[in-house]
Amino acid sequence: LIEDAIQAGRTLDLKYHEEKYAGGWGPKTQGKLRREKIIPSSVVYEASTPYFVGETEDGDSRRVRIGYIQGIAVI
């Protein structure tokens, strides 16, 4: 779905948890729940964990862990 939205130049309406760092090299966990419209540009991997990179409608950069997405719609 995300890759199709990238190919079509569409926006995603997302409900997702921010990634929270335990500090330093500690584990990453789910943080605050957010809802945003994001224009995705690519899917990337950190080790074996997939993320997508994009921008909000205001031009702010976002990197969202795909496993932390709670709801998604292509608009």
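This structure is a prediction, so every number in the text was calculated from the model and none was measured. (Residues numbered from 1 in each chain as written. Predicted model: local features only at pLDDT ≥ 70, side-chain atom pairs only at ≥ 80, totals over all residues. Heavy atoms only, no water.)

(A) Layout of the pattern of salt bridges. Under the definition given, this model contains seven salt bridges. When salt bridges with common partners are traced through the structure, they connect Glu 18, Arg 34, Glu 36 and Arg 62 into a single cluster. (Salt bridge = Lys/Arg side-chain N within 4 Å of Asp/Glu carboxyl O.)

(B) A look at unusual backbone geometry. In this model, Ala 47 sits at a positive phi of 60 degrees, which is unusual for a non-glycine residue. Mapped onto the elements, Ala 47 comes out in the loop between β2 (28-46) and β3 (49-56). The exposure class assigned to Ala 47 is exposed, which follows from its relative accessible area of 76%. (Helix = DSSP H or I, 4+ residues; strand = E, 2+ residues; numbered from the N terminus. Buried < 20%, exposed > 50% of the residue type's maximum accessible area, 1.4 Å probe, protein only.)

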